[in-house]
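Structural overview for review
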Amino acid sequence: MISRRTPGLPHVDAVTPAVLVLPGPVSQGETPRFCAEVRALLESTRAGVVVCDVGGLGPPGLAVVDLLARLELTARRAGGRIRLRDPDPALHALLNLVGLRFETERQVEQREPPLGVEEAVEPGDPAV
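The notes below deal with the structure included here. Please read all numbers here as calculations on a predicted model, not as lab measurements.

1. Description of the pairing of strand S2 (residues 49-53)
The buried fraction of S2 is high, at 4 of 5 residues. Alignment of strand S1 (residues 18-21) against S2, held across 4 bridges, turns out to be parallel. If you follow Ala18 over to S2, its bridge partner there is Val50. Alignment of S2 against strand S3 (residues 81-85), held across 5 bridges, turns out to be parallel. For Asp53, the partnering residue across the bridge sits in S3 and is Arg85. Where the polypeptide runs from S2 across helix H2 (residues 62-77) and back to S3, its parallel neighbour, the crossover connection is right-handed.

2. Description of the pattern of salt bridges
With the rule as written, the count across this model stands at 8 salt bridges. Note that Arg33 is salt-bridged to Glu30, the shortest N-O span being 3.6 Å. Residue classification places Arg33 among the partly exposed residues on the basis of a relative accessible area of 45%. The shortest N-O distance in the salt bridge between Arg83 and Glu103 comes to 3.0 Å. Here the residue Arg83 occupies a position in strand S3, and Glu103 occupies one in strand S4 (residues 103-105), the gap between them amounting to 20 residues. Taking relative accessible area as the criterion, Glu103 reaches 36% and is therefore assigned partly exposed. A cluster of three or more residues bridged by salt bridges with shared partners is formed by Arg81, Arg83, Arg85, Glu103 and Glu105.

3. Quick look at the state of the cysteines
Such a bond, covalent and formed between the sulfur atoms of two cysteines, is termed a disulfide. Considering all chains together, one arrives at 0 disulfides under this definition. Cys35 carries a free sulfur, and the closest cysteine sulfur to it, the one in Cys52, is 9.7 Å from it.

4. Things to note about the sheet that holds S2
The strands making up a sheet associate through backbone hydrogen bonding, with each pair oriented either parallel or antiparallel. In spatial order, the strands read S1-S2-S3-S4; together these 4 strands make up an open sheet with parallel pairing. Of all the strands in the sheet, the pair left with one neighbour each is S1 and S4. Strand after strand, the sheet turns through a mean of 35° between neighbouring axes, direction not considered. Packing against the sheet, H2 makes contact with S2 and S3, and its axis sits at approximately 140° to S3.

5. Side note on the side chain of Arg83
Residue Arg83 is classed as buried on the basis of its relative accessible area of 16%. For Arg83, the side chain forms a polar contact with the side chain of Glu103, separated by 3.0 Å. In this structure the side chain of Arg83 is engaged in a polar contact, spanning 3.4 Å, whose partner is the side chain of Glu105. The residues contacting Arg83, other than those within four sequence positions of it, are Pro17, Val49, Val50, Val51, Cys52, Glu103, Thr104 and Glu105.

6. Details of the environment of Arg39
Among the structural elements, Arg39 can be located in helix H1 (residues 31-45). Separated by 39 residues in the primary sequence, Arg39 and Ala78 have C-alpha atoms spaced 6.4 Å apart. If we skip the residues at most four places from it in the chain, Arg39 touches Thr74 and Ala78.

7. Remarks on the pairing of S1
Residues of S1 alternate between two faces, with Ala18 and Leu20 buried on one and Val19 and Val21 left unburied on the opposite face. Following the backbone out of S1, through H1 and into the adjacent parallel S2, one traces a crossover that is right-handed.

What counts, and where the lines are drawn
- Starting afresh in each chain, residues are numbered from 1 along the sequence in its written order.
- Predicted model: local features are reported for residues with pLDDT of at least 70 only, side-chain atom pairs are reported and counted for 80 or more only, and whole-chain, interface and lining totals are derived from all residues.
- The basis for every side-chain value is the complete set of non-hydrogen atoms in the structure, without hydrogens or water.
- Type-normalised accessible area, obtained with a 1.4 Å probe on protein chains alone, sets the label of each residue: buried when under 20%, exposed when over 50%, and partly exposed for intermediate values.
- A run of H or I in DSSP becomes a helix once it reaches four residues, and a run of E becomes a strand once it reaches two; helices and strands are each numbered from the N terminus.
- Any two strands are treated as partners once DSSP identifies two or more bridges connecting them.
- By convention, a crossover is right-handed whenever its connection, traced from the first strand over the helix to the second and viewed with the strands pointing away, goes clockwise.
- Whenever a carboxyl oxygen of Asp or Glu lies within 4 Å of a side-chain nitrogen of Lys or Arg, that contact is scored as a salt bridge.
- Cysteine sulfur atoms are paired as a disulfide whenever they come within 2.5 Å of each other.
- Angles shown run from 0 to 180 degrees and are taken between the N-to-C directions of axes, each axis being a line fitted to C-alpha atoms and, for helices, limited to the stretch in contact.
- Note on contacts: a residue pair is in contact if any heavy atoms of the two residues lie within 4.5 Å.
- Pairs of N or O atoms are called polar contacts if they sit within 3.5 Å, as long as, within protein, a hydrogen donor faces a hydrogen acceptor (for residues adjacent in sequence, only side-chain-to-side-chain pairs).

Read these as layout, nothing more, since geometry by itself doesn't imply function.
Here it is in structure tokens:
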């Protein structure tokens, strides 16, 4: 009996998260509509994550912070979460200031290099 293996990992189900583009500027009247969209996207994709593209929001303010906090709360109640795409550095600083932490995309992780690793070795350097 010959059995054929299927390519790829059979137990992994890759799900691409949905993207919600938040145009700026936002007003408080739009918050319920965006919350409903997040809830619907989580239910339809079953990805567990909705990526919120915040690059077009413009200068951040408390209305943006309120909107993002409500979107995260809505996503958590629906069993998921939101991830920010292309946040302005000022928005990132404002969110940190008010104590809100969001996962972000396309953000380089800053950390120290591992100990004992050299970028270049010069001839005659002692071995570590």
